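Results of the structural survey
Spelled out, the chains give:
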Amino acid sequence: MSRTRTLVPLALGLAAAGALTLGAAAATAAPLPSAAAGSTTVTPAGHAFKATLSGKATLKAGSVTVTCSVSVSTGTVPAAPGNHNPAGPVSSPISAPTYSSCTSSMPGVTPTVTTSGAWQVSMQNGAPITATMTVPAGGLVVKTTGLATCTVVAAPTAAAAVPGTWANGAPPSLTFTNASVPVKVTGGFGCPTSATASTFNAVYTVADTTDPAQQITVAP
């Protein structure tokens, strides 16, 4: 099911990691093994939740900056025993996030975004607790009209992972800081066609909608 909202280039994003060369000796050394992922449990098992934007989300593609004040997504914690992973993250499907009440740094431009496909969020217990949102391939398309006619496709060729952090609390929160995802931008004058990624900053509070007296919690 597609969701359409008014907003501006919204490519959520994944920051590309840079390679670090330490010299010829390091280049020939065997790579260190990665640490094994720890145990993760998300509770209450089977409960539905709603993530609501707290404050404003800022998005930037090239020279264009967008600020949105409304965003919502919903999902469900897996039922037991699927809410526990002894050696890795716990994943939950979520609805394609909606975004509205947005303003753009591009005057005279009317943007519209359509989201679709299978989105999900994965939680990994640790210090900090990490959260990864998966944007499906082509799952977010932004088109603008007016002084600039542009099309922005997020995750244009493959699903993209958007890294964030989770904080338990009352309510718990999900934070994305300078996260970015690959994008493809097409269009004429005024469109940031040279941009290959968009930066996303936002904080969401998460409510247990099955039992509002409880909190969604990530633990070992």
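Coordinates for the structure precede this section.
Residues numbered from 1 in each chain as written. Predicted model: local features only at pLDDT ≥ 70, side-chain atom pairs only at ≥ 80, totals over all residues. Heavy atoms only, no water.

Some points on the sheet that holds strand 2 (residues 40-43)
What counts is decided by this rule: Two strands pair under a simple rule: DSSP has to find at least two bridges between them. Starting at the N terminus, helices and strands are each numbered in turn, a helix being any DSSP run of H or I of at least four residues and a strand any DSSP run of E of at least two.
Spatially, 6-2-17 is the arrangement adopted by the three strands of the open sheet, whose pairing is antiparallel. If you trace the sheet from one side to the other, it starts and ends with strand 6 (84-85) and strand 17 (217-219), each paired once. Bridge count for strand 2 against strand 17 is three bridges, and the pairing is antiparallel. Looking at the pairing, Val42 lines up with Val218 of strand 17.

Observations concerning the nonpolar core
Selection criterion: The term nonpolar core refers to a set of buried residues drawn from Ala, Val, Leu, Ile, Met, Phe, Trp, Tyr and Cys, joined through side-chain atoms within 4.5 Å. Exposure categories follow from relative accessible area, calculated using a 1.4 Å probe and restricted to protein chains: below 20% of the type maximum is buried, above 50% is exposed, and the middle band is partly exposed. Contacts between residues were defined by any pair of non-hydrogen atoms, one from each residue, lying within 4.5 Å.
If you look at the biggest cluster of nonpolar residues, it comprises 47 residues, and the most contacted ones within it are Trp166, Phe176, Phe200 and Tyr204. Sort the elements by how many residues they give to this core and strand 15 (residues 173-187) lands first, with six residues. Sequence-distant contacts of Trp166, defined by excluding residues within four places in its chain, comprise Met123, Ile129, Ala131, Pro172, Ser173, Leu174, Val206, Ile216 and Val218.

Here's the deal with the packing of aromatic side chains
The line we're drawing: Only the six-membered ring of Trp is used, alongside the rings of Phe and Tyr, when aromatic pairs are assigned; centres must lie within 6.5 Å, and planes under 30 degrees apart are stacked while those over 60 apart are edge-to-face, with the rest tilted.
For the structure on display, the rule yields three aromatic pairs. Summarising the aromatic geometry, the rings of Tyr99 and Phe200 are spaced 6.3 Å apart at their centres and angled 85° between planes, so their arrangement reads as edge-to-face. Separated by 101 residues along the polypeptide, Tyr99 in strand 8 (residues 98-104) and Phe200 in strand 16 (residues 197-208) bring together distant segments of the chain. Residue Tyr99 shares its accessibility class with Phe200, and that shared class is buried.

Some details on the state of the cysteines
Heads up, the rule is: Cysteine sulfur atoms are paired as a disulfide whenever they fall within 2.5 Å.
If you walk through the whole model with that rule in mind, you get two disulfides. Linked covalently through their sulfurs, Cys68 and Cys102 form a disulfide whose S-S length is 2.1 Å. Residues Cys68 and Cys102 share a disulfide whose torsion about the S-S bond is about 110°; that sign makes it right-handed. One end of the pair, Cys68, is in strand 5 (residues 64-76); the other, Cys102, is in strand 8, and 34 residues separate them in sequence. Sulfur-sulfur distance for the disulfide between Cys150 and Cys191 comes to 2.0 Å.

Notes on the pairing of strand 13 (residues 150-154)
If a strand is regular, its side chains alternate between the two faces of the sheet. Along strand 13, the buried face is formed by Cys150, Val152 and Ala154; none of Thr151 and Val153, which line the opposite face, is buried. Inspection of the sheet shows strand 12 (residues 140-146) paired to strand 13 by four bridges, in the antiparallel sense. The residue bridging Val141 from the neighbouring strand is Val153, located in strand 13. Between the antiparallel neighbours strand 12 and strand 13 lie three residues. Looking at chain direction, strand 13 and strand 15 are connected through five bridges and run antiparallel. Across the sheet, residue Ala154 finds its bridge partner in strand 15, namely Val183.

Topic: the pairing of strand 14 (residues 160-167)
Alternating residues of strand 14 divide into Ala160, Val162, Gly164 and Trp166, all buried, and Ala161, Pro163, Thr165 and Ala167, none buried. Judged from the seven bridges that link them, strand 11 (residues 129-135) and strand 14 form a sheet pairing that is antiparallel. Paired with Thr134 across the strands is Ala161, a residue of strand 14. As paired strands, strand 14 and strand 15 are joined by three bridges and run antiparallel to one another. Each bridged residue has a counterpart across the sheet, and for Trp166 the counterpart in strand 15 is Leu174. Connecting strand 14 to the antiparallel partner strand 15 that follows it, the hairpin turn spans five residues.

Quick word on the side chain of Asn83
Heads up, the condition is: Counted as a polar contact is a pair of N or O atoms within 3.5 Å, where, for protein atoms, one must be capable of donating a hydrogen and the other of accepting one, and residues adjacent in sequence contribute only when both atoms are in side chains.
Mapped onto the elements, Asn83 comes out in the loop between strand 5 and strand 6. Of the polar contacts made by the side chain of Asn83, one reaches the backbone oxygen of Val42; its length is 2.9 Å. Beyond its immediate stretch of four places on either side in the chain, Asn83 contacts Thr40, Thr41, Val42, Thr43, Ala45, Val77, Pro78 and Val90.

What to know about unusual backbone geometry
The amide bond that connects Thr43 to the next residue, Pro44, takes the cis arrangement and shows omega of -5°. With respect to the helices and strands, the residue Pro44 is situated in the loop between strand 2 and strand 3 (48-53). Across the junction of Ala170 and Pro171, the peptide omega takes the value 5°, indicating a cis bond. Within the secondary structure layout, Pro171 lies in the loop between strand 14 and strand 15. Of note in the backbone geometry, Ser101 takes a positive phi value of approximately 55° without being a glycine. Turning to its location among the elements, Ser101 is positioned in strand 8. Ser101 gets classed as partly exposed once you look at its relative accessible area, which sits at 46%. Even without a glycine there, the phi angle at Ala155 is positive, about 50°.

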